[in-house]
Amino acid sequence: MKYILANTLKYTLFFGLAIGLTYWALKDIEFADIVDTWNNANKLPIFLSGVAVMMSHFLRALRWKLMMKPLGCHFSTLNSYLSILVGYGINIVVPRGGELARCINLNKLEGTPVKISVGTVISERLVDLIFLLMMIGIAFLLQFNSLLVTIVEYTSKNEGPEKAASLGTIILLIVVPVIGLIILYLFLKSKNKRILRIRIKLKNLFLGIYQGLKSIFKLEQYVLFLVYSVLIWGLYYMMAYFVIFAFAETRELGFEGALMVLVLGSIAMAMPTPGGTGAYHNFVPFGLETLYKIPSAAGKAFATIFHAWQTIVHLVIGILSIIISQILIKRNAKHLSLIHISEPT
C-alpha cells in the first residue's frame, strides 16, 4: 500500500511539474503564433530529423545486442529494436519507465532475464551521460565568448539598483561554486559517523558506476561499441541540425546553434517530467534568447513544435512497436504450443 501511495504521489508530482513548467513557458504567447511558425516552417528538415532519430535508435539496438552477447544473451536485431522503441514510447508517458519497459518487452519476446538486461541499460546510460558531458564541455568552449558578452551586456545596460542586482548575480555565480568546494572538502574530511556512512554509500555507488564502465572495455568488440556510441550522438546532433534549418528564426545558427539546442534539449529530457515536457519549453528558448538574441516568443514556438514532433514520433512508433511485439509474442507462444503437442509422449 505504501509503495502504491509513494508511486502515485511521485507521478502526480512529475505530471504537475510538467504542467506547471509548460504553463510558465507558454503563458505569454498566443497559440496562433505557434501555428503560424509551423505553417511557415520547411517540413522536409523536420521529417529528416525524425529519420535521424529512428536511425539512432536502430544503432542503439545494435549496441544493446553487443553488450548482451558476452552475458550469453542472443536475440534478433528486430526484437532489440522493437524493445528500444517500446521504451522510448513509454518514457513519454512514464518518466524513466522506458528503461524497465524495454527490458520486460525483450524478456517476453526472447526470454532474456530482466535482471541482466537492466544492468546493461544502466551501463549504457552511463556512457550516454559521459557523451552528454562532453557535448556540454564543447558547447561551453564554443560559446564562451557569447556567454562573456551576454554577461557584460546584462550588467552594463542596467543602472542603479538594477545594476547592483546584476553585479550581485554575477558575484553569486562565482561565490556559490567556491562555497560548494569548501563544503565538499569539509564533507570529505569529516569524521562524523553519519557523514561517514553517507560517504561509504556514495563510494559504493561510484564504484558500481566504475565497474559498469569498466565492463564495457571487456567487450570483445568494445571499439565497435564506441563507434556505435559516437554515431548515435552524431545522429542526435543531426536531428537538431535539421530542425534549426526548418525555421527562419533559427536557420542562421549553424553548427554551434545546433549543438546548443542538442545540449539544452538533452538536459531538459533528463528532467523528471514525462518526455521532458515543460523543462524543454523553458531551457531551449532561454538558451536561444540569451546566446543568439532570438525573441522569446519565436524561441518558445520553435521549442514547442520541435518537442511536439519528437513526442508524436516516439508515441506513434512506441504504440506500433507494442502492437507488433504483442503479435510476435502470441505467435511465439502458439508455435511453442504446437511443438509441445507434436512431441511424442
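Our subject in this report is the structure included herewith.

What counts and what doesn't
- Residues numbered from 1 in each chain as written.
- Predicted model: local features only at pLDDT ≥ 70, side-chain atom pairs only at ≥ 80, totals over all residues.
- Heavy atoms only, no water.
- Phe/Tyr/Trp six-rings, centres within 6.5 Å; stacked < 30°, edge-to-face > 60°.
- Helix = DSSP H or I, 4+ residues; strand = E, 2+ residues; numbered from the N terminus.
- Buried < 20%, exposed > 50% of the residue type's maximum accessible area, 1.4 Å probe, protein only.
- Contact = heavy atoms within 4.5 Å.
- Patch = residues over 30% accessible without salt bridge, like charges linked within 9 Å, V, L, I, M, F, W, Y side chains within 5 Å.
- Areas by Shrake-Rupley, 256 points an atom, 1.4 Å probe, with all protein chains shown as cover.
- Salt bridge = Lys/Arg side-chain N within 4 Å of Asp/Glu carboxyl O.
- Axes fitted to C-alpha atoms, helices over the stretch in contact; angles between N-to-C directions.
- Parallel < 35°, antiparallel > 145°, perpendicular 65-115°, else oblique.
- Left-handed = near helix turned anticlockwise from the far one by under 90°.
- Nonpolar A, V, L, I, M, F, W, Y, C, P; charged D, E, K, R; others polar.
- Core = buried A, V, L, I, M, F, W, Y, C linked by side-chain atoms within 4.5 Å.
- Expected span 1.5 Å × (residues − 1).

**A closer look at the packing of aromatic side chains**
- Per the counting criterion, the structure on display carries 10 aromatic pairs.
- Judged by centre distance (5.2 Å) and plane angle (80°), the rings of W233 and Y236 are edge-to-face. With a gap of 3 residues between them, W233 and Y236 both fall in helix α10 (residues 222-244), about one helical turn apart. Of the two residues, W233 and Y236, neither departs from the other in class, the shared state being buried.
- Their ring planes at 80° and their centres at 5.3 Å tell us that F247 and F302 sit as a pair that is edge-to-face.

**Focus on the side chain of S49**
- Mapped onto the elements, S49 comes out in helix α3 (residues 43-68).
- A residue is classified by how much of its surface remains accessible, and S49, at 1% relative accessible area, is buried.
- Not counting chain neighbours up to four residues away, the residues in contact with S49 comprise M239, F242, V243 and W309.

**What about a nonpolar patch on the surface?**
- Together, F15, V93, I312, L315, V316, I319, L320, I323, I324 and I327 give the surface a local cluster of nonpolar side chains, amounting to about 840 Å² of exposed area.
- Ranked by residue count, the leading element in the nonpolar patch is helix α13 (residues 296-342), at 8 residues.
- Secondary-structure assignment places I327 in helix α13.
- A relative accessible area of 45% places I327 in the partly exposed class.

**Some remarks on the packing of α3 against helix α4 (residues 77-93)**
- The contact between α3 and α4 brings their axes to 8 Å, and the two run at 120°. Comparing their axes, α4 and α3 come out oblique. Between α3 and α4 lies a crossing whose hand is right-handed. Residue-level contacts link M54, H57, F58, R60, A61, L62, W64 and K65 of α3 to T77, S80, Y81, S83, I84, L85 and Y88 of α4.
- When its residues are assigned to classes, the contact of α3 with α4 shows 9 nonpolar, 4 polar and 2 charged.

**Observations regarding the nonpolar core**
- Residues W233, F247, V261 and F302 are the most contacted members of the largest nonpolar core, which totals 65 residues.
- Counting residues per element, this core draws most heavily on α10, at 11 residues.
- In contact with V261, not counting residues within four places along its chain, are A240, I244, Y280, V284, L288, F302 and F306.

**Notes on α4**
- Taking 1.5 Å of rise per residue, the 17 residues of α4 would be expected to cover 24 Å, and the 25 Å separating its terminal C-alpha atoms lies within 8% of that figure.
- For α4, the buried fraction is high: 13 of the 17 residues fall into the buried class.

**Considerations on the pattern of salt bridges**
- One pass over the full model with this rule turns up 7 salt bridges.
- A salt bridge links R60 to E124, with the shortest nitrogen-to-oxygen separation between them at 3.3 Å. Note that R60 is positioned in helix α3 and E124 in helix α6 (residues 114-142), a separation of 64 residues in sequence.
- Accessibility expressed as a relative area gives 1% for R60, which makes it buried.
- Overall, E124 belongs to the buried group, its relative accessible area being 0%.
- E124 is the salt-bridge partner of R102, the closest N and O atoms lying 2.8 Å from each other. Of this pair, R102 sits in helix α5 (residues 97-110) while E124 sits in helix α6, and the two are 22 residues apart along the sequence.
- Residues joined by salt bridges that share partners form a network here, namely R60, R63, E99, R102, E124, R125 and D128.

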